[in-house]
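# Working through the structure, step by step
Listed here are the chains, written in short residue letters.
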Amino acid sequence: MANELRIGDKVITLERGDIRTVEADAIVNAANSSLMGGGGVDGAIPRAGGDTILEECKKYVDEHGRLDPGRAMLTHGGDLPVEFVIHTVGPKWLGGMADEAQTLSSAYLESLRVADHFCLETVAFPSISTGAFGYPKEQAAPVALETIRKFLAEAECVRHVKLVLYDMRTYETYANALDHLVM
Ligand code: AR6
């Protein structure tokens, strides 16, 4: 099974691990619209990064309102080893009839647009929506990979997108989907 896909001089890589310890210019948080923190990745990131992350999120919500599913915004990384955290909200899985794939694709795309806007080179994503939000991993992986591949073909600054998968089953699901993308 492949663990990387090259697109010209850019690359998508898959790795098993914890998003909090990854080397990147930004990591992506699987947030919810309130931007107040939560469970899973959205609990782990503020715990490791300190109070400033949620303070910046609160300021954003005060100024702009809640972050709709499929959108993304940026904060500093606080005590994390990365400079920035990009917060995005994936769709809740409602059985597949509520444009979940489009919203999931938008969550990746908007996060990557934010990264390119700030001219970041390396961005690391967890598997958005496939935990508490219940999106089936087998269906989420091709949406994520296809969206990232299309974006990288046109990106100005982003050169390396890492998918950081927490458990072996998720890793294998993405590796399988990457094989099908390569073919
Ligand atoms: N590093 C990498 N991946 C992780 C980590 C980690 N430290 N921790 C969990 N995962 P989830 P969602 C995996 O639930 O489905 C929150 O309460 C996890 O195994 O974090 O988008 C928010 O506030 C799964 O594969 O995000 C929202 O309300 C994937 O990350 C809601 O959950 C995503 O799981 C968002 O749900």
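Report follows, based on the coordinates.

Definitions and limits used
- Residues numbered from 1 in each chain as written.
- Predicted model: local features only at pLDDT ≥ 70, side-chain atom pairs only at ≥ 80, totals over all residues.
- Heavy atoms only, no water.
- Helix = DSSP H or I, 4+ residues; strand = E, 2+ residues; numbered from the N terminus.
- Contact = heavy atoms within 4.5 Å.
- Polar contact = N/O pair within 3.5 Å; in protein donor to acceptor, adjacent residues only side chain to side chain.
- Expected span 1.5 Å × (residues − 1).
- Buried < 20%, exposed > 50% of the residue type's maximum accessible area, 1.4 Å probe, protein only.
- Core = buried A, V, L, I, M, F, W, Y, C linked by side-chain atoms within 4.5 Å.
- Phe/Tyr/Trp six-rings, centres within 6.5 Å; stacked < 30°, edge-to-face > 60°.
- 1 Å grid on protein atoms, 1.4 Å probe; cavity = no way out; pocket = protein on both sides within 12 Å on 5 of 7 lines; lining within 4 Å.
- Points joined across faces, edges and corners; volume = space filled by probe spheres on them.
- Nonpolar A, V, L, I, M, F, W, Y, C, P; charged D, E, K, R; others polar.
- Pairing = 2+ DSSP bridges.
- Axes fitted to C-alpha atoms, helices over the stretch in contact; angles between N-to-C directions.
- Near = heavy atom within 4 Å.
- Areas by Shrake-Rupley, 256 points an atom, 1.4 Å probe, with all protein chains shown as cover.
- Sits in = over half its atoms within 2 Å of the grid points.

Okay, the environment of Asn 32 next. Its place among the elements puts Asn 32 in the loop between strand E3 (26-31) and helix H1 (41-49). Once residues lying within four places of it in the same chain are set aside, the contact partners of Asn 32 are Gly 37, Asp 42, Val 89 and Phe 133. A distance of 2.6 Å separates polar atoms of two side chains, one belonging to Asn 32 and the other to Ser 34.

Residues spaced three or four apart along an α-helix face the same direction, because each turn holds 3.6 residues. Here helix H4 (residues 137-154) contains 18 residues, and its C-alpha end-to-end distance of 26 Å stays within 8% of the 26 Å for a straight helix at 1.5 Å per residue. Inspection of H4 places Lys 137, Ala 140, Ala 141, Val 143, Ala 144, Leu 145, Thr 147, Ile 148, Phe 151 and Leu 152 among the buried residues, and these make up the whole buried set.

If you look at the biggest cluster of nonpolar residues, it comprises 38 residues, and the most contacted ones within it are Leu 14, Tyr 108, Phe 125, Leu 145, Val 158, Leu 163 and Tyr 174. The greatest single-element share of this core, amounting to 8 residues, is contributed by H4. Ignoring sequence-local partners within four residues, the contact set of Tyr 174 consists of Leu 14, Tyr 108, Ser 127, Ala 140, Ala 141, Ala 144, Leu 145, Leu 163 and Leu 165. Core analysis: the second largest hydrophobic core is formed by 11 residues, Val 22, Ala 24, Leu 80 and Ala 124 among them.

Moving on: the packing of aromatic side chains. Applying the stated criterion to the full structure yields 3 aromatic pairs. Relative to Tyr 135, the ring of Trp 93 has its centre 4.7 Å away and its plane inclined at 55°; by these criteria the two rings are tilted. Highlighted residues: Trp 93 in the loop between strand E5 (84-89) and helix H3 (100-117) and Tyr 135 in the loop between strand E6 (122-125) and H4, separated in sequence by 42 residues. Residue Trp 93 is classed as partly exposed on the basis of its relative accessible area, which comes to 24%.

Let us now look at the layout of surface pockets. For the largest pocket, the calculated volume is near 550 Å³. If you go around the largest pocket, you meet 27 residues; those closest to its centre are Ala 30, Gly 40, Val 41, Ser 127 and Gly 131. Looking at the lining of the largest pocket, the element that brings in the most residues is H1, giving 3 residues. Looking at the lining of the largest pocket residue by residue, the class counts come to 11 nonpolar, 11 polar and 5 charged.

Further remarks concern the side chain of Thr 130. With respect to the helices, strands and loops of the structure, Thr 130 is situated in the loop between E6 and H4. The buried category is assigned to Thr 130, whose relative accessible area is 11%. In this structure the side chain of Thr 130 is engaged in a polar contact, spanning 2.7 Å, whose partner is the side chain of Ser 127. Ignoring sequence-local partners within four residues, the contact set of Thr 130 consists of Tyr 135, Lys 137 and Ala 140.

Read across the open sheet, the 7 strands follow the order E1-E2-E7-E6-E3-E5-E4; overall the sheet is mixed. Either end of the sheet is taken by a strand with one partner, and the two such strands are strand E1 (4-7) and strand E4 (72-76). Going from strand to strand, the sheet's axes swing by 20° on average, the running direction of each strand aside. Pairing geometry for strand E2 (residues 10-16) and strand E7 (residues 160-165), over 6 bridges, is parallel. Paired with Glu 15 across the two strands is Val 164, which belongs to E7. Packing of H1 onto the sheet brings it into contact with E3 and E5, and relative to E3 it is tilted by some 130°. Contacting E3, E4, E5, E6 and E7, H3 runs over the sheet at an angle of about 155° to E5.

Attention shifts here to the site of the ligand. Residues in contact with the ligand amount to 20 residues; listed here are only the nearest, Asn 32, Gly 39, Asp 42, Ser 129 and Gly 131. For the ligand, a nitrogen atom lies 2.9 Å from a polar atom in the backbone of Ile 19. Side-chain polar atom of Thr 130 to an oxygen atom of the ligand: 3.2 Å apart, as the coordinates give it. Expressed as a share of its isolated accessible area of 710 Å², the protein-covered part of the ligand is 89%. More than half of the atoms belonging to the ligand lie within 2 Å of the grid points that define the largest pocket. Looking at the shell around the ligand, the elements with two or more residues in it are E3 and H1. Along the lines of polarity and charge, the residues of the shell around the ligand split into 9 nonpolar, 9 polar and 2 charged.

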